[in-house]
Amino acid sequence: MKISCEIIGKVDSGDVSKISMENNNGVVISTLTTGATLQEFLVPTETGALKNIVLGFSDFEDYYKNNLCACQSIGRVAGRIGKASYTHNMVLYSLPKNEGENCLHGGPKGMQVQNWNYVTNLNDEYVETKFIRRLYSSVDGFPGDVTVSISYRLDNNNRLTILFEAFDVTESTIFNPTNHVYFNLSDKQDLSSHELQIYSDYRLELDSELIPTGQKINVDETNYDFRKTTDLLPRIEANNGFDDAFVVGGGTCDHVKEVAILHDKESGDGIEIFSNRNGLVIYTMDIIEDNIYFARDRGTIAKGREAIAMEAQTLPDAINHKGFGDIILDKGHSVNYEIGFQYFNSSK
């Protein structure tokens, strides 16, 4: 295993660095300090070339020319918080609004727009990049200051583990981060050869602003039933796309468990997704902005439904719904979350 680092630019008078990690099987994970971003998940092909199975940009500036949050670290709270507010211990907290009356993905100054410090670690079991930053209430508009670390850990079993930790908080706050990863496991600009399985019996009912109503709906005999391996594109077309939250792991948040499998039937490449939380949001990028060029597409303009985002987190708007999960982080406490991406190839 090996690791390399290079400075690729500057932002706010600070260096922007790219850190690349490679395991003994030739799998390469590249990350950027801006947004603690997963830029590349490179896997070997039959020809010996490397294929990037996530959406990313060649230039770090391009991540901020659209609203995709492509493979960036999202928080303090992923997803939408209805009315950009919540009540805790009889205190009403107001958060920044950046999608109508709601707060989306930590607001306009969330983790994804900040430049992170980092350290690296290489040992016999894994190679790791750990991003560290102090988040200030005066910057992102959430209550309390808190230190957050985000670790990308690659082992020789071809598993990428993302570890989130929040600690040293000055007052009660909320914390529910994710990585807004977009997968396309093929060489095409569509998901026609993909199949998906999600271990979920229920999805969340959403209102017209995509805010959960509080109701959980059984997926039986609907386009949302992915309990058996299902061809993905026909479901996307039948449902007119997805931007939805699924209840996974039996609705518990107490241990790491497998929550979904995405597989490309043509190449054999697949990803098993693991999480210790109770929600999985999928988003099929149905409407895409103009002038977006992903690095994997080699100069071809991006297309809608080119990839699927699969965001493991506590259920969206949990702070405003009983039974959705506890995302409160009190002073003197810390919290750890884990997301695992296990790469495999079914043809090998």
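- In the nomenclature of an unreviewed UniProt entry, the protein chain corresponds to Aldose 1-epimerase from the organism Streptococcus thermophilus M17PTZA496.
- Reading the Sequence similarities (unreviewed entry) entry of the UniProt record for the protein chain gives the comment "Belongs to the aldose epimerase family."
- A UniProt comment under Catalytic activity (unreviewed entry) is attached to the protein chain, and it reads "alpha-D-glucose = beta-D-glucose".

### Focus: the pairing of strand β9 (residues 91-94)
One face of the sheet, then the other: side chains in a regular strand alternate in exactly this way.
Stage number 1. Sheet topology note: the strand β8 (residues 85-88)/β9 ladder contains 4 bridges and is antiparallel. Bridge assignment links S85 to a residue of β9, and that residue is S94.
Stage number 2. Between β8 and β9, which pair antiparallel in sequence order, lie 2 residues; one of them, N89, sits at a positive phi of approximately 55 degrees.

### Side note on the UniProt feature "binding site: beta-D-galactose" (unreviewed entry) in the protein chain
Stage number 1. Mapped onto this structure's residue numbering, the UniProt feature "binding site: beta-D-galactose" (unreviewed entry) falls at H180, V181, Y182 and D243. The largest pairwise C-alpha distance within this set of annotated residues, which runs over 64 residues, is 13.8 Å, so the set is compact in three dimensions.
Stage number 2. Tracing the chain through its elements places V181 in the loop between β16 (178-179) and β17 (182-183).
Stage number 3. The class for V181 is buried, based on a relative accessible area of 0%.

### Regarding the pattern of salt bridges
Stage number 1. The tally for this structure, following the rule as stated, stands at 19 salt bridges.
Stage number 2. Connected via shared salt-bridge partners are D201, D220, D225 and R227.

Conventions adopted
Residues numbered from 1 in each chain as written. Predicted model: local features only at pLDDT ≥ 70, side-chain atom pairs only at ≥ 80, totals over all residues. Heavy atoms only, no water. UniProt positions renumbered as here; feature names shortened; annotations may be inferred. Pairing = 2+ DSSP bridges. Helix = DSSP H or I, 4+ residues; strand = E, 2+ residues; numbered from the N terminus. Buried < 20%, exposed > 50% of the residue type's maximum accessible area, 1.4 Å probe, protein only. Salt bridge = Lys/Arg side-chain N within 4 Å of Asp/Glu carboxyl O.

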